[in-house]
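What follows is each chain in one-letter form.
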Amino acid sequence: MLMTVLLIELLRTDSALRFGWFFLFYLIHIGFCIFAAIAPPLVFHGKSLTEILAAIDVFNDHVLVGVRCSVNGSYYCLF
């Protein structure tokens, strides 16, 4: 919602520099969401319910928990 309000404000003022900053930070945000969804073991040492790698790892031991992690990760990526 905050991104939409910011974009509407930028459309009113019509500043090219502000459009550039908005899309730069938006791309950084999208990149972080992708990084958080994959969650390589470089930063995230524990298990999370939104990471794809944890879901693959959990499938070997508990199928239902792996399905739950996959569903949570899909929702995280969609929303």
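Everything below is about the structure shown above.
The residue numbers shown here count from 1 along each chain, following its written sequence. With the structure being a predicted model, the display of local features is reserved for residues of pLDDT at least 70 and the display and counting of side-chain atom pairs for 80 or more, all residues being used for whole-chain, interface and lining totals. Hydrogens and water are ignored here; the side-chain numbers use all heavy atoms of the structure.

Examining the overall build of the protein chain
Put simply, the test is: Under the scheme used here, helices are H or I runs from DSSP no shorter than 4 residues and strands are E runs no shorter than 2 residues, and both carry numbers assigned from the N terminus. Contact criterion: two residues are considered in contact whenever any of their non-hydrogen atoms come within 4.5 Å of each other. Accessible surface area values rest on a Shrake-Rupley calculation with a 1.4 Å probe, where residue burial reflects the displayed protein chains alone.
Across its full length, the protein chain carries 4 helices and 0 strands. When the helices and strands of the protein chain are listed from N to C terminus, the series reads α-α-α-α. Once local pairs closer than 6 in sequence are excluded, the contacts in the protein chain between residues at least 24 apart make up 16%. If you sum the accessible surface of the protein chain, you get close to 6,300 Å²; carbon and sulfur atoms cover 73% of it.

Topic: helix α3 (residues 52-59)
Just so we agree on the cut-off: When a residue's accessible area, from a 1.4 Å probe over protein chains only, is under 20% of the maximum for its type it is buried; when over 50% it is exposed; and in between it is partly exposed. An arc is given here, and it is the one of the directions from the helix axis to the C-beta atoms.
Along α3, the residues that are buried comprise A54, A55 and V58. Viewed along the axis of α3, the buried residues span an arc of 100°, placing them on a single side of the element.

Re a nonpolar patch on the surface
For the record, the criterion: Note that patches include only residues with greater than 30% relative accessible area and no salt bridge, and the join distances are 9 Å for like charges and 5 Å for nonpolar side chains (Val, Leu, Ile, Met, Phe, Trp, Tyr). Here, a salt bridge means any Lys or Arg side-chain nitrogen found within 4 Å of an Asp or Glu carboxyl oxygen.
A surface patch of nonpolar side chains, amounting to about 760 Å² of accessible area, comprises M3, F23, Y26, I30, I34, I38, I52, L53 and I56. Listing elements by their share of the nonpolar patch, those giving two or more residues are α2 (16-38) and α3. With 5 residues, α2 is the single largest residue contributor to the nonpolar patch. Position of Y26 relative to the elements: it lies in helix α2. The partly exposed category is assigned to Y26, whose relative accessible area is 34%.

Examining helix α4 (residues 63-78)
Note the threshold: Expected helix span is computed as 1.5 Å times (number of residues minus one).
Over its 16 residues, α4 extends 22 Å from the first C-alpha to the last, a length consistent with the 22 Å expected when each residue adds 1.5 Å. Along α4, the residues that are buried comprise G66, C69, N72 and G73. In a view along the axis of α4, the buried residues occupy a sector of 125°, so they form one face of it. Facing away from the buried side of α4, by more than 90 degrees, are the exposed residues V63, L64, R68 and L78. Of the surrounding elements, those touching the buried residues of α4 are α3.

Looking at the environment of P40
One can find P40 in the loop between α2 and α3. Residue P40 is classed as buried on the basis of its relative accessible area of 17%. Measuring from C-alpha to C-alpha, the distance between P40 and L53 comes to 7.1 Å, with 13 residues separating the pair along the chain. Setting aside chain neighbours within four positions, we find P40 in contact with F35 and L53.

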